[in-house]
Amino acid sequence: MNDTQQNLPDSLDGAATQFSEFLRNNGYPGEVCWITADDVAVDPQGKFWLRDRSESRLRQAELLYRSGVERGLGIALRAVCANETTTFALIFIPRDETEAQYAMMGRGIKLSCPTIRRPTMVVNNLLWWWTLRARNRKRENILQI
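Below you will find a few notes about this structure. (Residues numbered from 1 in each chain as written. Predicted model: local features only at pLDDT ≥ 70, side-chain atom pairs only at ≥ 80, totals over all residues. Heavy atoms only, no water.)

## Thoughts on helix α4 (residues 126–135)
Here is step 1: Restricting attention to buried positions, one finds in α4 the residues Trp 129, Leu 132 and Arg 133. The buried residues of α4 all sit within an arc of 100 degrees when viewed along its axis, so they share a single face. In α4, the exposed positions that point more than 90 degrees away from the buried face belong to Leu 127, Ala 134 and Arg 135.
Here is step 2: Here the buried face of α4 lies against β3 (40–42), β4 (48–51) and β8 (120–123).
Here is step 3: With a side-chain oxygen lying 2.9 Å from the backbone nitrogen of Leu 127, the N-terminal cap of α4 falls on Asn 125. (Buried < 20%, exposed > 50% of the residue type's maximum accessible area, 1.4 Å probe, protein only. Helix = DSSP H or I, 4+ residues; strand = E, 2+ residues; numbered from the N terminus. Arc of directions from axis to C-beta. Contact = heavy atoms within 4.5 Å. Polar contact = N/O pair within 3.5 Å; in protein donor to acceptor, adjacent residues only side chain to side chain.)

Listed below in structure tokens is the structure:
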């Protein structure tokens, strides 16, 4: 996993600019779609399946980022997977000082991405999404920071 620590920007927009540059430098698309762990399923072959909810996620990501700035324990922006045009990423905010230490976070922003890109598919059909999610619930620990 590639990672870097940088100063913490005041807004998600500023952090996303740094993150996009970091992603491009590491072979990922610079376009970022913010997701949560609930939006991801990983099948037995290691393929990532993502629920398409990108419109509602940006505002939630902005609120989460703002809460992380206010806590002052650092923020991690972590690429999970990518398709040809978009990197899908999580925002991690430690609950307390101990969790920040376990995640090896400073007070700034931690940027990371997997060294190996796995196949990624976006699912638009809600029924298919719930089927994938139910079948692959045990493999979700791959999303832990």
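That covers the picture; the talk isn't over yet.
## Notes on the nonpolar core
Here is step 1: One finds Phe 19, Leu 23, Trp 34, Leu 77 and Ile 91 to be the most contacted residues of the largest nonpolar core, which totals 21 residues.
Here is step 2: Of all the elements, helix α1 (residues 12–25) adds the most residues to this core, at six residues.
Here is step 3: Those residues in contact with Leu 77, other than ones at most four positions away along the chain, are Ala 15, Phe 19, Trp 34, Leu 90, Ile 91, Ile 109, Lys 110, Leu 111 and Ser 112.
Here is step 4: Residues Ile 35, Val 42, Phe 48 and Leu 50 belong to the second largest nonpolar core, which totals 10 residues. (Core = buried A, V, L, I, M, F, W, Y, C linked by side-chain atoms within 4.5 Å.)

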